[in-house]
Each structure stands twice: as structure tokens, then as C-alpha cells.
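What follows is each chain in one-letter form.
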Amino acid sequence: MGFEVLLKGNNALRLLMGLGVALRISLISAVISIALGTVFGVLMTLKKPAITAFFRIYLETVRIMPQMVLLFIVYFGATKARGINLTAETAALIVFSFWGSAEMADLVRGALQGIPKIQYESSTSLGLSTMQTDRYVIGPQIIRRMIPLSINLITRMIKTTSLVMMIGIVEVLKVGQQIIEANRKVSPNAAFGIFLVIFLLYFAACWPISLLAKYLERKWEN
Amino acid sequence: MDVDMRPILEVKNISKRYDDITVFENLNLQVKKGEVLVIVGPSGCGKSTLLRCLNALEPIQEGEIILDGEAIRPGSREVNKLREKVGMVFQSYDLFPHMTVLQNVMLAPIKVKKRDKKEVREEALALLDRVGLLSKKDQFPRQLSGGQKQRVAIVRALMMHPEVLLLDEITAALDPEMVQEVLEVVLSLAKEGRTMLIVTHEMQFARAVADRMIFIDGGHIVEEGTPEEFFEHPKTERLSSFLAKMRF
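Everything in this summary refers to the structure shown in the same document.

Conventions and cut-offs
- Residues numbered from 1 in each chain as written.
- Chains lettered and ligands numbered in written order.
- Predicted model: local features only at pLDDT ≥ 70, side-chain atom pairs only at ≥ 80, totals over all residues.
- Heavy atoms only, no water.
- Helix = DSSP H or I, 4+ residues; strand = E, 2+ residues; numbered from the N terminus.
- Rg over C-alpha atoms; globule rule 2.2 N^0.38 Å.
- Contact = heavy atoms within 4.5 Å.
- Areas by Shrake-Rupley, 256 points an atom, 1.4 Å probe, with all protein chains shown as cover.
- Lys, Arg positive; Asp, Glu negative; His and termini not counted.
- Charge placed at Lys NZ, Arg CZ, Asp CG, Glu CD.
- Buried < 20%, exposed > 50% of the residue type's maximum accessible area, 1.4 Å probe, protein only.
- Buried area = accessible area lost by both parts, 1.4 Å probe.
- Salt bridge = Lys/Arg side-chain N within 4 Å of Asp/Glu carboxyl O.
- Polar contact = N/O pair within 3.5 Å; in protein donor to acceptor, adjacent residues only side chain to side chain.
- Nonpolar A, V, L, I, M, F, W, Y, C, P; charged D, E, K, R; others polar.
- Pairing = 2+ DSSP bridges.
- Axes fitted to C-alpha atoms, helices over the stretch in contact; angles between N-to-C directions.
- Parallel < 35°, antiparallel > 145°, perpendicular 65-115°, else oblique.
- Left-handed = near helix turned anticlockwise from the far one by under 90°.

Time to look at the overall build of chain A. Within chain A, the secondary structure is distributed over 8 helices and 0 strands. For a compact globule of 222 residues, the expected C-alpha radius of gyration is about 17 Å, and chain A comes in at 22 Å, more than 25% above that figure. Viewed in the frame of its principal axes, chain A has a C-alpha envelope of about 75 × 45 × 25 Å. If you take every contact in chain A between residues at least 6 apart in sequence, the share linking residues at least 24 apart comes to 76%. Summing over all exposed atoms, chain A offers an accessible surface of approximately 11,800 Å²; the carbon and sulfur share of this is 69%. Averaging the coordinates of the 22 positive side-chain charges in chain A and doing the same for the 11 negative ones gives two points 3 Å apart.

Quick look at the overall build of chain B now. When helices and strands are counted, chain B shows 9 helices and 10 strands. The C-alpha radius of gyration of chain B comes to 18 Å, within 12% of the 18 Å expected for a compact globule of 248 residues. Along the first, second and third principal axes, the C-alpha set of chain B runs to 50 × 45 × 40 Å. Burial statistics for chain B: of 248 residues in total, 53% are counted as buried. For chain B, restricting intrachain contacts to residue pairs at least 6 apart in sequence, the fraction spanning at least 24 positions comes to 65%. If you sum the accessible surface of chain B, you get close to 11,300 Å²; carbon and sulfur atoms cover 47% of it. Taken together, the 35 basic and 38 acidic charged side chains of chain B have centroids lying 6 Å from each other.

Further remarks concern unusual backbone geometry. Residues and elements named next belong to chain B. Although it is not a glycine, Ala 56 adopts a positive phi angle of roughly 60 degrees. Within the fold, Ala 56 resides in the loop between helix H1 (47-54) and strand S4 (62-67). Backbone geometry places Lys 114, a non-glycine residue, at a positive phi of 55 degrees. Position of Lys 114 relative to the elements: it lies in the loop between helix H3 (101-111) and helix H4 (117-130).

By a frequent convention, interface size equals the accessible area lost on bringing the separate parts together. The interface is formed by 20 residues belonging to chain A together with 24 residues belonging to chain B. Taken together, the two surfaces of chain A and chain B that pack against each other cover about 1,800 Å², and 63% of this comes from carbon and sulfur. In terms of surface lost to chain B, no three residues of chain A exceed Ser125(A), Leu126(A) and Tyr136(A), which account for 32% of the buried area on that side. On the surface where chain A and chain B come into contact, there are 1 salt bridge. For Arg52(B), the salt bridge is made with Glu121(A), and the minimal N-O distance between the two is 2.4 Å. The tally of links from chain A across to chain B stands at 5 residue pairs in polar contact (both at pLDDT 80 or more). Every element with two or more residues in the side of chain A that touches chain B is listed here: helix H5 (117-125) and helix H6 (130-160) of chain A. Top element by residues in the side of chain A that touches chain B is H5(A). It accounts for 8 residues. Each residue belonging to the side of chain A that touches chain B can be placed in one class, and the counts come to 6 nonpolar, 9 polar and 5 charged.

This paragraph deals with the pairing of strand S3 (residues 36-40) of chain B. Residue and element names in this part refer to chain B. Most of S3 sits out of view: 5 of its 5 residues are buried. Judged by which residues are buried, S3 turns out to be covered on both faces: Val 36, Val 38 and Val 40 on one side and Leu 37 and Ile 39 on the other are all buried. Two elements, S3 and strand S8 (residues 196-199), share 4 bridges in a ladder whose sense is parallel. When the sheet's bridge partners are listed, Val 36 is paired in S8 with Met 196. In this sheet, strand S9 (residues 212-217) lies alongside S3 in parallel orientation, the contact comprising 4 bridges. Across the sheet, the residue bridging to Val 38 is Met 213, located in S9.

All names here are of chain B. Here 4 strands make up an open sheet; going across it, the order is S2-S1-S4-S5 and the pairing antiparallel. Because the sheet does not close on itself, it has two edges, and the strands there are strand S2 (21-32) and strand S5 (70-72). For this sheet, the mean angle separating the axes of adjacent strands, direction not counted, is 20 degrees. Bridge count between strand S1 (residues 7-18) and S2: 8 bridges; the pairing is antiparallel. By the bridge assignment for S2, Val 11 is matched with Leu 29.

Looking now at the packing of helix H2 (residues 49-64) of chain A against helix H4 (residues 88-113) of chain A. Residue and element names in this part refer to chain A. With their axes 9 Å apart at the nearest point, H2 and H4 run at an angle of 120 degrees to one another. Judged by the inter-axis angle, H2 sits oblique to H4. The interaxial crossing formed by H2 with H4 has left-handed handedness. The segment H2 lies against H4, with Tyr 58, Leu 59, Val 62 and Arg 63 engaging Ser 97, Phe 98, Trp 99, Ser 101, Ala 102 and Asp 106. Looking at the contact of H2 with H4, its residues break down into 6 nonpolar, 2 polar and 2 charged.

Right, let's talk about the side chain of Arg151(B) for a bit. All names here are of chain B. Mapped onto the fold, Arg 151 is located in helix H5 (residues 146-158). A distance of 2.9 Å separates the side chain of Arg 151 from the side chain of Glu 181, its partner in a polar contact. For Arg 151, the residues in contact, after removing those within four places along its chain, are Val 131, Gly 132, Leu 133, Glu 181, Val 182 and Val 185.

Before going further, it helps to examine the packing of helix H1 (residues 11-44) of chain A against helix H7 (residues 172-182) of chain A. Residues and elements named next belong to chain A. The geometry of H1 relative to H7 is characterised by a closest axis approach of 7 Å and an angle of 155 degrees between their N-to-C directions. Between H1 and H7, the interaxial angle falls into the category roughly antiparallel. Two secondary-structure elements touch here, H1 through Asn 11, Arg 14, Leu 15, Gly 18 and Leu 19 and H7 through Val 172, Val 175, Gly 176, Gln 178 and Ile 179. Across the contact of H1 with H7, the residue classes break down as 5 nonpolar, 4 polar and 1 charged.

Attention now moves to the sheet that holds S3(B). Residue and element names in this part refer to chain B. With mixed pairing, 6 strands are arranged side by side in an open sheet as S6-S7-S8-S3-S9-S10. Of all strands in the sheet, those bounded by a partner on one side alone are strand S6 (86-89) and strand S10 (220-225). Within the sheet, the average angular offset between the axes of one strand and its neighbour, ignoring direction, is 20 degrees.

Here's what the structure looks like:
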């Protein structure tokens, strides 16, 4: 099955470190996306035509473009054509944050617009100021809606990091390929075992996050 | 003039317009302390908008609202006083979904009036007990029926010690079997001398609770009087035909 390859040298450790690279890229991007996306989402609810138009183009671009194309544009396009020196990891962070911020902005916009007007009205009619209304009434409801959704975004990011090996980043999938290549003669069946282990590694990383999202969703459903 | 006869709430020549639609114009209204005023009228006649103006949820374009002798002009900072001193309960269940019943009713007194938490809690528990919901104090709004939510909303408004309570069709979204439990709470508030402005379609309830009835149609007060005069001897054709329709 090829599992014995794992025990050779420091192969198992290398796979774990590859997973570490994938997690690092996705978590840094997720933090940037959540911060920028929240700001963008609030801007989108302001109903200023110029801002709305800008974000519409931004969101559509992100939706239409495969992430891999975005990676190629930023990494190869920027470095080769424009002479900007980007490391592959910086390029990956830029693309993932660009993508994640758009997704997050749309989620925040949806959550904000999903709060019924009567929630603002009943709060102000009790004498609460706009700031108190945001802090005690609207904010907590937005956060409750957003946390499960942001967690789902993080798991999607972790899965999508498998693409960054295309711009030369050695993450878990790439490490797996290297191990398989190196052992092709001695263990021709290593591919199955190694990819199965990689599957389990992704699962181990994403499943608890997914469970947390489900738990919070159930706890806070209105 | 007797101090107690001075109106607690006076509406002088107020007008409300949306762009080119006039909801009402030069409307006048006086409410005495302890009086229960019931406003009826066809849908779209402006009665709900009137209540919303009295709570500064909608700005008025002209006129003034005098609360307890103090004039509150539209757009001025004094409108916050209207919100603090005038309580409102809405048609839809508008409790804060992320808070328990107790948190819902304690929020405003603590944050707006900066009152002592323990004292507020005691008052909240007493009021919840009064409307029969003490056992629900730690539940969330989603666990309550419509009638229960509406009773909590009444308690939440009462916790701010409003001078005037506005009730905007508070039973209109309820299942019929839950209407009674809410109306009973309102009746008991009327008995203890609460000043209330009530918009409703429940004519029997209106008759039971009102000190004075007002019929609004097309943005004007068409007729007003005691419940007896109002229901038994309507003076205008418009009111008689409205009441005839409501009897079905």
C-alpha cells in the first residue's frame, strides 16, 4: 500500500510541515480577509453608487476567476511582466486575501441587511443611542451570524491552498508528490498510501473547524 | 386649571409627508394623564405613522409635540426625551433574539438610565411575574409563543417608566387564541391608570379599554368621542360605514 514509505527518513515530519505551510497560508489569509471583508461589507451597505459599483466589479471578478488563474496572474504576471519581486508565499497570501475579503464582504453585507429594521427601531424607541444600538443589539447579532460563516470560509481556504503548489510552494500535497517520486522504484504503490494520508491530514485539519461551526450555528440559531 | 387636567401629551398642528405624499396635515391631539386613547381607522389612514412620529421614529415636517409641558421640535436633540419617556410596542415580535427574556427587559434601564443592576432585576422579575412569565425569564425569544413575546415586549417598554405607552396593533400578528392574554395585560395597565395610545382593529377590546375613541381617515381626525357615543351613535357617515365593515 505504500505506508512504509512514511516511516522512511523524516517523511512523516515533512508531510506535517507541508500541512503547516498550508495552514499558515490559509490562516494568515483568513485573518486578513475577515478584517478587510468586514470593513468592505459595511461599506457595501452604505448605498453609495460609486462604492456599490466598485464592489460589484470586485466581487464578480473574484467569482468568475478560478483561483489558480489569479495565482498565475499575481505570481508570474507581476514578477515577470512588471519586474516586481514577490515570493510565492506572498503572492499566495495576496490572492487568498483578495478572494477571501470578497467572500467575507458579501457575507457581512448579507448579515447586516438581514437584520430587520424593527430591531433598530425597537432599540431606539427604548432610548438607546445609535452607538448603544450597534454595540448591544445589532453587533452581537451580526457576530453570531458571522462566526459560523467565517469558519466555513477558513475550511474552504485550507482546501484551496492545495493550488499553491502550482506556483512552487512546497505544501503538503507537493511534499507528498516529492515523496512518491523519490520512492518510485522501491515502492511503486506509495501514491495510494501517501495521498490517503494527505486526505486524512486535510480531514484532521478541517473537520474540527467544521464541527465548531456547526456547534455555534446550532447554539445561536434564532 | 387643575394640574392633573393638563395634557401629558399634546400634538399641535403636526404634518407628516414622504416626498410628495402627505400622510397627515395639521393634526391636533391632546392626551390627559391616565387617559387611554384608542385610535381606529382603515389601513393606510396614517394611524400607525402617527404613533411612530410620537416616538420620533419618523420625523415630522411641521408642528410640535409637547410632552409634559416641554415642546419637542422635530430634528432637535430633545427627540431623545421622547424616546425615553414614550414607550412603544410594535406589531411584530421585536425582542432582541440574542438575549434572554430578562436581558431583553433589563437592557434599556441599565444602559440608558444607568440604573442599579440589582434594583432593575428585582423590578423586572416583579413585572414578568405580573404578566405571568416569571418562569420564562431565562428563555430566549425563539422559545416563546407570539403572545408571550408580546407580553415581554410590553414589560420591556414598562421598564423605562414611560409617561405614555404607545401600542401599535400589538395583536395583529398573533394567532387568535393568543390575543386574549395580551389584551388582558393591557386592560390591567389601563386600570392602574397608565396613559396609553392604542392603535387596534379589535373593536370589542377598544370599547372595553378606551376612555376616548378617535377615528382617523385620510389623514384627518374624522370623529372622536366616548366609546359609548362612538360605537352606538356615530355622528359621521364615514365612521358608521367603517364600524359596519368591522362588525363582519
